[in-house]
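This is what each chain is made of:
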Amino acid sequence: MQQCGKPIFKVAISIPVYRLFDYLAPDDGALEAIKPGVRVEVPFGNGKKMGYLLEIAPHSEFDLVKLKPIIRVIDSYPLLFDKDLRLLQWAARYYHHPIGVVISTAFPAALRQGKVMLIKPQKCYALTDLGRATTSQQLQRSPKQLRALEKFQSSSVSLTEAELTAWEEGWRPVVKQLIKKQLIQLSLTETSITKAAGLLSKSALSANIQQQAAIDAVCGSLGQFGVFLLDGVTGSGKTEVYLQIILKVLERGQQILVLVPEITLTPQLEDRFRQRFAVDIVLSHSKLTDKQRAVAWLKMQQGQASILLGTRSALFTPLENPGLIILDEEHDASFKQQEGFRFSARDIAVVRGQLLNIPVLLGSATPSLESLHNVNKRRYQLLALPDRAGKAIEPTLHLIDIRNKRMQEGLSAALLEEMHKTLAKQEQVLLFLNRRGFAPTLICHGCGWVARCHRCDANLVIHVDENCLRCHHCAKEQPLLRRCPECKVGELTPLGLGTERVEKVLAKLFPNKVAVRLDRDSTQGKGVLEDYLLQINNGEVDIILGTQMLAKGHHFPNVTLVAILDVDSGLFSIDFHAAEKLAQMIVQVSGRAGRAEKRGKVIMQTRQPEHPLLTTLIQQGYQHFAISALAERQQASLPPFSYQALLRVQATEVDMPSIFFQALTDLIKTLNVRHTQVLGPVSAPMVRRAGLYRYQLLFQNNQRKELQHFLDELVPKLAVLKQAKKVHWTLDVDPVDLY
Ligand code: ADP
Ligand code: ZN
Ligand code: ZN
């Protein structure tokens, strides 16, 4: 250990290495200005790299003469606050992921590249003394100016540009006139979150008893840590609860982080926030430009915006004055990052709430088994909204037994009859099929040849509209074949059902009705989905057909019949998570039905009418399903009653992994495994994907701590294992997808 009085700067660099790098102070520059959380440019190898300063320590493990000085300090103040740095360091340890990669995840791409971005201070406008004294008579002849003046007079503080825009799009010329008359002045002061008044642009609904209880519970916990699970059926008024709690947080001058699975799929949510609050609301999701995302990030960091609505990656956005974290649809799998740094935004949100000492509110109509387990363990407080708010009535669920029934492209006669009845009443029908394309298989009627992907162990999917065959695993594409390449004579036949195929039969069976298809293929362009949603809500559409995209958050008030065309395909997965996901999907899709005053009906076509998952859901509802599913997990010692980490291995040659696994097994024998079960290695169900051979090894332990200690020992050794160089391995802690 080297000690010499010189401070050592410990820097995280975004490369797959598990440690920090030591540097000396830059040659110029005042030392006091350099604080953890700033970005720095450092010499690295023969070049230089951007890094993040995490710690300033009195000593280094390395020889001081070998250390180089920092080249340049990029930021004049830390971009990440102390607690954010601690959170990220915790996450790197927990997920056993390289610290530099984890830290860089917190930054938007533009800042990751080392750009310096300044955001303009917000302009505010306030009354002058003259403006305060002006009466309505004096402005009688210019009603627009009078309205604006009254807006200022009714709010006791200054108004930001964002607030004015929320109040009235065309405020600028009017305010300009008022400035000319010296009734209003420009001030560059307050940020929007330091003010308590004028937050609402539209008043809240009056909450029902259950909503009020939920609001009171969370508001009673503002300023301290606590996790709440808001469990309410679709349409029960969860969003309204969020909005009313948010108002209380805004009144405290604090910021709110709202995470949702996919904003682009739910433009309605953003609208509701904007309509309700006259504060600066920023967004963060993948459809925005790098610059837009960086501005949103900086505005939250500097306290210029009050509410951030974002997806998973927005979780780490620094908050100048944090008050509340909300995670809507907390059960949704998209909160778990499935590549690179495989974190669970839900789990880290809870840790973040604890570090920041603020409440965390999780909401769902179909809470995850993990969260329900945490309620049972009294770690989370349950807030239930058992009834639909307003006048909406809950839909009823039914099965249609399709065994031995004649089907027209996946539609049974009983379903068609229900559709006709519904359409005759001018109500809408929603058909759900979780498979894109025309058909999942192209087979030769003459010789049995099947169109396969050359890079994956998978069939190519037929896409008739685009006239191609496409692999849904590696996106490889080829033109649609007309003749069998094997026997040259056999007729090629599509096998199975996709949304495109159903769309075509709908056009035939319902020639006078308008059907739209909503899936990833049909909603590619910008604004396309929004247009479709608008058409649906304007009543221009009779039948809505789509994939899981439909299960998320949309409001279709005139849909009174929902049909799940092929529920059986979800019943037989080998992953123990599948039952939970299927039940959630069924309930979420059902939630689209009958949100207005009309009662909705949900139909599932099945060849398994006695399957316990379906019968439990139908007769007793999601809560009972969850209770029995949790009991099964406990019996089998599966999560959340145990803890798992999955080591995934990929290689370009089929036999490479066996050498690696042998070395790994030898390595594990030298470690203290602390009751960790090592299951496998086994090949992934789809061994070859995008040209790579895939295998996996599962670690399981009944104690989270023991599993963590085992991984603490394993990962550093694994990282330097000679035999690991020829394969690509990744570790997934708390995996939600085992295959
Ligand atoms: P969720 O988020 O649980 O799906 P929402 O908050 O979107 O539920 O509410 C569903 C519908 O019920 C919305 O149209 C909303 O305006 C209405 N609603 C919610 N709370 C109330 C209430 N207290 N009184 C009247 N209508 C309400
Ligand atoms: Zn053939
Ligand atoms: Zn493929």
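Placed above this text is the structure.
Within each chain, residues carry numbers counting from 1 in the order of the written sequence. Starting at A for chains and at 1 for ligands, labels are handed out in the order in which the entities are written. This being a predicted model, a pLDDT of at least 70 is required before a residue's local features are given, and a value of 80 or more before pairs of side-chain atoms are given or counted; all residues contribute to the totals for chains, interfaces and linings. Hydrogens are left out, water is left out, and the side-chain values use all remaining heavy atoms of the structure.

Asker: It is not clear to me how the nonpolar core should be interpreted in this structure. Could you clarify?
Answerer: Taken as a class, soluble globular proteins show a tendency for nonpolar side chains to be buried jointly. Membership of the largest hydrophobic core comes to 121 residues, with the highest contact counts inside it found for Ile544, Ile586, Leu647, Phe660, Leu664, Phe699 and Leu711. Should any heavy atoms of two residues lie within 4.5 Å, those residues are considered in contact. Residues within four places of phenylalanine 660 in sequence aside, it is in contact with Leu647, Val649, Leu718, Leu721, Gln723, Ala724, Val727 and Trp729. Residue types Ala, Val, Leu, Ile, Met, Phe, Trp, Tyr and Cys, when buried and joined through side-chain atoms within 4.5 Å, form a set referred to as a nonpolar core. When a residue's accessible area, from a 1.4 Å probe over protein chains only, is under 20% of the maximum for its type it is buried; when over 50% it is exposed; and in between it is partly exposed.

Asker: Would you explain the coordination of the zinc ion (ligand 2) in this entry?
Answerer: Tetrahedral coordination by four donors sets the ideal angle at the metal to 109.5 degrees; octahedral coordination by six donors sets it to 90 or 180 degrees. Taken together, the protein donors to the zinc ion (ligand 2) comprise Cys444 (SG), Cys447 (SG), Cys484 (SG) and Cys487 (SG), at separations of 2.2 to 2.4 Å. Only N, O and S atoms count as donors, using a 2.8 Å limit from the metal and a wider 3.2 Å limit for Na, K and Ca, and since water is excluded some coordination spheres may look unfilled. Here a site with four donors is tetrahedral if all angles are between 85 and 135 degrees, and a site with four or six donors is square planar or octahedral if opposite donors are over 155 degrees apart and the other angles are between 65 and 115; anything else gets the irregular label. One way to put it: the four donor atoms around the zinc ion (ligand 2) meet at angles of 109 to 110°, and that makes the site tetrahedral. Binding-site remark: the zinc ion (ligand 2) is held by donors from one chain whose sequence spacing is C-x2-C-x36-C-x2-C. Here cysteine 484 lies in the loop between strand E23 (477-479) and strand E24 (492-495) and cysteine 447 lies in the loop between strand E20 (441-444) and strand E21 (461-463), a separation of 37 residues in the sequence. Numbering of helices and strands runs from the N terminus; a helix is a DSSP stretch of H or I covering at least four residues, while a strand is a stretch of E covering at least two.

Asker: It is not clear to me how the side chain of serine 284 should be interpreted in this structure. Could you clarify?
Answerer: Mapping serine 284 onto the fold places it in strand E11 (residues 281-284). Not counting residues within four places of it along the chain, the set of residues in contact with serine 284 comprises Ile263, Arg293, Leu308, Leu309, Gly310, Thr311 and Ala314.

Asker: Even after reading the chapter, I still don't get the pairing of strand E9 (residues 226-232), so can you show me in this structure?
Answerer: A regular strand places its side chains on the two faces of the sheet in alternate fashion. By the criterion of burial, E9 is predominantly enclosed, with seven of the seven residues buried. Both faces of E9 are covered, namely the face carrying Gly226, Phe228, Leu230 and Gly232 and the face carrying Val227, Leu229 and Asp231. Two strands form a pair only when DSSP identifies at least two bridges running between them. With six bridges connecting them, E9 and strand E14 (residues 359-364) associate as parallel partners. In the sheet register, leucine 230 faces E14, and the bridge partner there is glycine 363. The pairing of E9 with strand E15 (residues 380-385) spans six bridges and is parallel. If you follow phenylalanine 228 over to E15, its bridge partner there is glutamine 381.

Asker: How should the packing of helix H5 (residues 143-154) against helix H7 (residues 171-180) be read in this particular structure?
Answerer: Each pair of packed helices gets described by two things: the angle between the helix axes and the distance between those axes. Taken N-terminus to C-terminus, the directions of H5 and H7 make an angle of 80°; their axes are 9 Å apart at the nearest point. Taken together, the axes of H5 and H7 are roughly perpendicular relative to one another. Taken together, the residues of H7 that come into contact with H5 (itself represented by Lys144, Gln145, Ala148, Leu149 and Phe152) are Val174, Val175, Gln177 and Leu178. Working convention: axes come from line fits to C-alpha atoms, limited for helices to the stretch in contact. Angles between N-to-C directions cover 0 to 180 degrees. Here the angle decides the label: under 35 degrees means roughly parallel, over 145 means roughly antiparallel, 65 to 115 means roughly perpendicular, and every other value means oblique.

So far we have only geometry, and geometry alone does not tell us how the molecule works.
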